[in-house]
Amino acid sequence: MRWPRKHTFGLWPKTTRSRSRGNGEATGQSQATISTIYDRRNYDLKLSNSKLHREFFLLISAGCEEKEKYTAQNGEDYYSQGHAVDLDVASKYSRPKEAHWLVRRIFFLSWITSYDREQAFADLIAGITLGLTIIPQSIAYAALAGLSSEYGLYSAFIGSIIYVFFGTIPQVSIGPTSLMAILTLQFCADKPVQVVIVLAFLAGLVELAMGVFQLGFIVSFIPAPVTKAFTSGTALIVVFAQIKNLLGVRIKGFPSIGDFFTNIRPTDAAMGVSCMVVLLLLRLLSQVNFKQDTAVTRRLKKILWYISISRNALVVFFTGLIVFIWVKKSSIEAVPFALSSKVSSAMPTIKLPPFAFEYQNRTYVFTDILHELGSGIVVVPIVAVLANVAIAKAFVKDGNLDASQEMLTLGLCNIAGSFFSAMPTCGAFTRSAVSQASGVRTPMAGIYTGLIVLSALSILTPYFQYIPKASLSAVLIAAVIFMIDLAPVKELWQTNKKDFFSWVGSFIICLVAGVELGLLFGIVLSMVFVLLRLGNPKFEVTLKQLDSTYYVHIVPQSDVYYTGVDALRTELRSACRLYQNDFPVVLDCTRFMQFDATFSEMLISVAKEMASHDVLLILQNMSLKVQQMLPVMGNVRFCQEDSQLSSHLQMKKEAPVLEAKL
């Protein structure tokens, strides 16, 4: 018999003896068994140590001369013999040909060639509808960020245009959002507007880099409870920040409860509360259902839906019209409402972001701006990517989302926006829902939205000063109040305490210490939980029976990396002690990840301990490549299927009989 120099595996079919079943029926089945890895040099040393090993050697030698052997070179071929697919069948199915990289990056090229009149009309309707929605939102979000109205419209204009050429999801609308506004306020409060513009540029650079290097996986470290807590906390901050303007309170800082109520201006409060009521009532119009489904009722329902989605524009328009008429009949000083700031010129002009400027007798250079922004350079783009990818996932049709392309597009929108003096932007779920309901077909709708915003900048700019602050605050509060979701608290407490504490901690820290610290807390806490799971995986240990032979079965309940090796060692030792070394141990290796030297050393150490107690260790579902990383050990076997496992257990059971005969 010739032994190969490398580790060799004997593989041959073995027909089991007919066994009597419960109904007395005799059956026979063909099994394939994988013998232990043997090496002639090591085997000769072990041959004299155990009669059992000698008998195994005789059994194996009897069949090795005639049976086919396989090594690392042909072992994989063996595993694939039973699962090969007919070439004729396989040829009928193939992956779709991947588009050219230029088409995938300038996504506009992938659909413009098939653009038709029907799609153009649908996009025109959706673009106009979205324009009526985004104009009042942009004005309100700019006010929330502490900026003049035109900066919000700059963001809406350029974001809508850029997304047409690079965006992949027709429903996504890039522009100002409550999240970006509150983060801008957080990092740029009481700072020159030039700092906001540079923040947009830097956020775009980070987003572009994340897309180029495909770093979207970073967002995966932010679990859903943390995202919901962050969103709810941010929405609540917006409500608290706007309640003063809603009621006409003009005290800076955080006034006491007594000072707050004594400084409420009745006229502003009446305006703000009335606008809130009207907005909430108009929101309900889209939910009106008629008993009869006729052409008239369908048309009427469509009209009510258009009125509902245009509620922000209607409220801003009519309150501004009231103030305009008031001013024309008397004077602007006689108006009893707090009004928006006057905008002198709002037409966008292309210019470089202000990396150096002078403000109040101080010269700011680029390093000074970086110092002023601090962690906002990282927090703002991460939150923007998180929001944009979440919206894109919600509206993608075939489930095939190119997250890297969405990050690239978002980065380009912010970088281009900084050349038009825009604030940081991202997608907004409310606007995306409006686009979806309006029947948008392609990103071309953004062209019409951008043109409407540009028209508003050129025509309506002188009239922005007549918009009451109370009405804008009502628009903001009505938009974000439904983002406050406290429902997960009870559910998480009942299902997952870790997620519960993540939600509560992130929510409280967002309110107390700031949104960036709340988000950071949630990310760090979730990563700590991940590390704990990696370092302490769970195992299921059961005593099973196969063909009248008992064995201890150990199955990991989660993926096992090298960090969980100590936990696996402890579990193997505990199982042996529990069952007093009376049964073989079968370890399922399916969920072993990145098998390395740490795994190998642990298995060798445990196998030696088990060998001293004459306990067989069977490694189940371990790949051939990984098997070769382990040395030859007399009490270690490998198997892939239950039939092979049965063979190993049967040999272990018959060993005492063979030894007695010898």
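Residues numbered from 1 in each chain as written. Predicted model: local features only at pLDDT ≥ 70, side-chain atom pairs only at ≥ 80, totals over all residues. Heavy atoms only, no water.

1. Quick word on the packing of aromatic side chains
Taken as a whole and assessed by the stated rule, the structure comprises 22 aromatic pairs. Here tyrosine 579 and phenylalanine 583 contribute two aromatic rings whose centre-to-centre distance is 6.2 Å and whose plane-to-plane angle is 70°, an arrangement assigned as edge-to-face. Its relative accessible area of 25% is what places phenylalanine 583 among the partly exposed residues. Following the ring pairs from residue to residue traces out a cluster consisting of Phe108, Trp111, Tyr115 and Phe165. A cation over an aromatic ring shows up here: lysine 302 above the ring of tryptophan 305, its NZ or CZ 5.0 Å from the ring centre. Taking the ring centre of tyrosine 364 as reference, the NZ or CZ of arginine 362 above it sits at 4.2 Å. (Phe/Tyr/Trp six-rings, centres within 6.5 Å; stacked < 30°, edge-to-face > 60°. Buried < 20%, exposed > 50% of the residue type's maximum accessible area, 1.4 Å probe, protein only. Lys NZ or Arg CZ within 6 Å of the ring centre and 35° of its normal.)

2. Points about the nonpolar core
Judged by nonpolar contacts, the single largest core of 99 residues is most densely connected at Leu183, Leu373 and Val383. Among the elements that line this core, the one with the most residues is helix H17 (residues 376–395), at 13 residues. Leaving out residues up to four positions away in the same chain, leucine 373 has contacts with Phe187, Cys188, Val195, Leu199 and Leu202. Within the second largest apolar cluster, 31 residues are counted, among which are Leu572, Cys576, Cys589 and Leu619. (Core = buried A, V, L, I, M, F, W, Y, C linked by side-chain atoms within 4.5 Å. Helix = DSSP H or I, 4+ residues; strand = E, 2+ residues; numbered from the N terminus. Contact = heavy atoms within 4.5 Å.)

3. Concerning the packing of helix H11 (residues 224–247) against helix H21 (residues 469–480)
In a pair of packed helices, the angle between the axes and the distance between the axes together describe the arrangement. Viewed as axis vectors pointing N to C, H11 and H21 meet at an angle of 160°, and their least axial separation amounts to 9 Å. Here H11 is positioned roughly antiparallel relative to H21, judged by the angle of their axes. Considering how the two elements wind past one another, H11 and H21 form a crossing that is left-handed. Here Ala235, Val238, Val239, Gln242, Ile243, Asn245 and Leu246 of H11 lie close against H21, whose contacting residues are Lys469, Ala470, Ser473, Ala474, Leu476, Ile477 and Val480. Of the residues in the contact of H11 with H21, the class split is 10 nonpolar, three polar and one charged. (Axes fitted to C-alpha atoms, helices over the stretch in contact; angles between N-to-C directions. Parallel < 35°, antiparallel > 145°, perpendicular 65-115°, else oblique. Left-handed = near helix turned anticlockwise from the far one by under 90°. Nonpolar A, V, L, I, M, F, W, Y, C, P; charged D, E, K, R; others polar.)

4. Notes on the pairing of strand E10 (residues 539–546)
The pairing of E10 with strand E11 (residues 549–556) spans eight bridges and is classified as antiparallel. Considered in E11, the bridge of glutamine 545 is made with tyrosine 550. Taking the residues between adjacent antiparallel strands as the criterion, E10 and E11 are bridged by two residues, where aspartate 547 takes a positive phi near 55°. (Pairing = 2+ DSSP bridges.)

5. Comments concerning the sheet that holds strand E13 (residues 617–620)
Read from one edge of the open sheet, five strands run E10-E11-E12-E13-E14, paired in mixed fashion. The open sheet has two free edges, formed respectively by E10 and strand E14 (636–639), since each of these has just one partner strand. For this sheet, the mean angle separating the axes of adjacent strands, direction not counted, is 25°. Packed on one face of the sheet, helix H25 (residues 565–578) meets E10, E11 and strand E12 (585–588) and runs near 40° to E10. Against the sheet, helix H26 (residues 597–612) touches E12, E13 and E14, its axis set at about 145° to E13.

6. Some points on H25
Helix length check: H25, at 14 residues, gives a terminal C-alpha distance of 20 Å against a target of 20 Å (1.5 Å per residue), a fit within 8%. Along H25, the residues that are buried comprise Val565, Ala567, Leu568, Arg569, Leu572, Ala575 and Cys576. At its buried positions, H25 is contacted by helix H24 (515–535), E10, E11, E12 and H26. Just downstream of H25 lies glutamine 580, where phi reads positive at about 55°. (Expected span 1.5 Å × (residues − 1).)

7. Side note on a nonpolar patch on the surface
A cluster of nonpolar residues, Leu517, Leu520, Val524, Val528 and Leu532, forms a patch on the protein surface that exposes about 410 Å² of accessible area. Position of valine 528 among the secondary structure elements: in helix H24. Valine 528 gets classed as partly exposed once you look at its relative accessible area, which sits at 38%. (Patch = residues over 30% accessible without salt bridge, like charges linked within 9 Å, V, L, I, M, F, W, Y side chains within 5 Å. Areas by Shrake-Rupley, 256 points an atom, 1.4 Å probe, with all protein chains shown as cover. Salt bridge = Lys/Arg side-chain N within 4 Å of Asp/Glu carboxyl O.)

8. Some details on the environment of alanine 403
Among the secondary structure elements, alanine 403 is positioned in helix H18 (residues 403–418). Sequence spacing of alanine 403 and alanine 390 is 13 residues, and the spatial spacing of their C-alpha atoms is 9.8 Å.

9. Notes on the pairing of E14
Burial of the side chains of E14 extends over both faces: Val636 and Phe638 are buried on one face and Arg637 and Cys639 on the other. Both E13 and E14 contribute to a ladder of four bridges, which runs parallel. The partner of leucine 619 across the bridge, within E14, is phenylalanine 638.

10. Details of the environment of proline 424
For proline 424, the location among the structural elements is in the loop between H18 and strand E9 (426–427). Residue classification places proline 424 among the buried residues on the basis of a relative accessible area of 1%. Residues proline 424 and proline 176, 248 residues apart in the sequence, show an inter-C-alpha distance of 7.0 Å. Not counting residues up to four positions away in its chain, the partners in contact with proline 424 are Met180, Thr184, Val196, Leu199, Ala200, Val380 and Asn414.

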